[in-house]
Every structure is written in structure tokens, then in C-alpha cells.
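Spelled out, the chains give:
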Amino acid sequence: MKKITPFISLVLLLISTNIFAQSQEEMQKWTDYMTPGQMHQMVAKSDGTWNEEITMWQAPGAPPQKMTTSCENKMILGGRYQEAKHTGSFNGMPFEGYSLLGYDNIKKVFQSTWIDNMGTGTMHMEGTYDPATKMVTLTGKMLDPMSGKEGDVKQTWKFVDDNNQLVEMYNMQDGKEVKTMEIKLTRKA
């Protein structure tokens, strides 16, 4: 076994001193930050399998495109995040999507990440929950592959009841908010 050099010993001493030198108040802040709370419990109620009826509009006034998918939601990392795996088909092609949703106890916001097999980018959004409407409103940026430009996007997620949810997606087009997608979720299991 090799000897521990004086430099490594010093680094280990500084690290351990810093960890153990935390005050009770600092330790409580870490505990508060890392402990799942009421918002995490609310999201966990969506665990399970869902049928998704999706309607998309490519442009205002354009005929809608429809598809059905299913979604499997599962809380991970000790109830801190919910992963959702979406599967189905779109225009005869297999569709897969993956989202991760969490609630940041310090910032007091939901944070969402979305990826799918219809692109190579990652969409990030964050927003708040309104208990009066039972709705999470998330905003972020999304890349338009046709123009190569990033644009504003908004997503609302309404908890209709324990077995039904409604997700709506909006993009900014010519300075106006335009609905581009609607997902009706119905609990399967």
C-alpha cells in the first residue's frame, strides 16, 4: 500500500474539517433541501400507467394531428424526482419520450426536462404550482429545427382529478401565444 502524501493528508483534513464544522443551522438547511415534501408527494400521486390522447397543431388553423401513447410514471431517488417514459407511434414510426420532473425546495419551483427520439436536443422548463387551479405552469426554451432558432415555450399541467390530467403546450409565434399540443391523460393502472 502506498503512503499518503502530506498534500493528500492536508486536503483530506480540510475536507473533513469543513464537513464537520457545519453549524446546526447549516445542517438543517441541507436537510430541508434534500427532504421530499408536499410537492413531491403531490407528484407521486401520478405514479402508475397512463393512456395519453395527444392532439398537435403544426400551425394556427391547420388540421390537428392525433396520436395515442402510454406513459409509465415512477418516483425515483427516494421520492425526489418522477421519471416518465412515454411510448407509442407517430405517423407509423415508433415514438419514445422521457421526462424528469422535480421540485426544488429552495427555489420553490418545479423543474422539468424532456427528451425524445424525434430530436437530439433537451428541453428544460421550470415553473410554479397554483393550488387554486390545481395547475403547474412551466416555461422554458425550445429549439425549432426548421429555423434553427430557439423560442419561448409554455406548458400547463392540470390535475383534473386522481385519474385524469390535462397537459397543454404553447409556443410564441409572431409575438402571440399559440397552442401547439394537448395531452389528455387517463389513468390505466
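Colleague: Would you explain the overall build of the protein chain in this entry?
Modeller: Each helix and strand in the protein chain was counted, giving three helices and 10 strands. Counting from the amino terminus, helix and strand elements in the protein chain follow one another as α-α-α-β-β-β-β-β-β-β-β-β-β. Counting only residues that meet the buried cut, the protein chain has 30% of its 189 residues in that class. Counting only contacts in the protein chain whose residues sit at least 6 apart along the sequence, the fraction spanning at least 24 positions is 31%. If you sum the accessible surface of the protein chain, you get close to 12,700 Å²; carbon and sulfur atoms cover 59% of it.

Colleague: What is the right way to look at the pattern of salt bridges in this model?
Modeller: Pairing between side chains of opposite charge can happen when the charged atoms of each approach one another. If you walk through the whole model with that rule in mind, you get eight salt bridges. One salt bridge in this structure joins K74 and E83, with 4.0 Å as the shortest N-O distance. A salt bridge links E182 to K184, with the nearest nitrogen and oxygen atoms 4.0 Å apart. Here the salt bridges share partners, and the residues they tie into one network are E168, K179, E182 and K184.

Colleague: Is there a simple way to explain unusual backbone geometry in this structure?
Modeller: Negative phi values dominate among residues other than glycine, just as trans dominates among peptide bonds. Of note in this structure, N91 is not a glycine but carries a positive phi near 50°. Note that N91 resides in the loop between β3 (81-90) and β4 (93-104). Backbone geometry places K108, a non-glycine residue, at a positive phi of 60°. Relative to the assigned elements, K108 resides in the loop between β4 and β5 (109-116). With relative accessibility at 51%, the residue K108 sits in the exposed group.

Colleague: Is there a simple way to explain the nonpolar core in this structure?
Modeller: Ranked by size, the top nonpolar core spans 26 residues in total, and within it V43, M67, F110, V136 and W157 carry the most contacts. Not counting residues up to four positions away in its chain, the partners in contact with V136 are F110, T128, Y129, Q155, T156, W157 and F159.

Colleague: For this particular structure, what's the right way to read the sheet that holds strand β1 (residues 48-56)?
Modeller: The pairing of strands in a sheet happens through backbone hydrogen bonds and is either parallel or antiparallel. Ordered in space as β1-β2-β3-β4-β5-β6-β7-β8-β9-β10, the 10 strands form a closed barrel in which the pairing is antiparallel. Shown here is a sheet whose adjacent strand axes are inclined to one another by a mean of 25°, direction ignored. Both β1 and strand β10 (residues 176-187) contribute to a ladder of seven bridges, which runs antiparallel. Considered in β10, the bridge of T55 is made with E182.

Colleague: I would appreciate a short explanation of the pairing of strand β8 (residues 149-161) in the present structure.
Modeller: Regular strands have side chains that alternate between both faces of the sheet. Taken together, the 10 bridges between strand β7 (residues 135-144) and β8 define a ladder with antiparallel strand orientation. Its bridge partner being in β8, L138 is matched across the sheet by Q155. The pairing of β8 with strand β9 (residues 164-173) spans eight bridges and is classified as antiparallel. Residue K154 lies in a different strand from β9, and its bridge partner there is Y170. Here β8 hands over to β9 after two residues, the two strands then running antiparallel side by side.

About the cut-offs
Residues numbered from 1 in each chain as written. Predicted model: local features only at pLDDT ≥ 70, side-chain atom pairs only at ≥ 80, totals over all residues. Heavy atoms only, no water. Helix = DSSP H or I, 4+ residues; strand = E, 2+ residues; numbered from the N terminus. Buried < 20%, exposed > 50% of the residue type's maximum accessible area, 1.4 Å probe, protein only. Contact = heavy atoms within 4.5 Å. Areas by Shrake-Rupley, 256 points an atom, 1.4 Å probe, with all protein chains shown as cover. Salt bridge = Lys/Arg side-chain N within 4 Å of Asp/Glu carboxyl O. Core = buried A, V, L, I, M, F, W, Y, C linked by side-chain atoms within 4.5 Å. Pairing = 2+ DSSP bridges. Axes fitted to C-alpha atoms, helices over the stretch in contact; angles between N-to-C directions.

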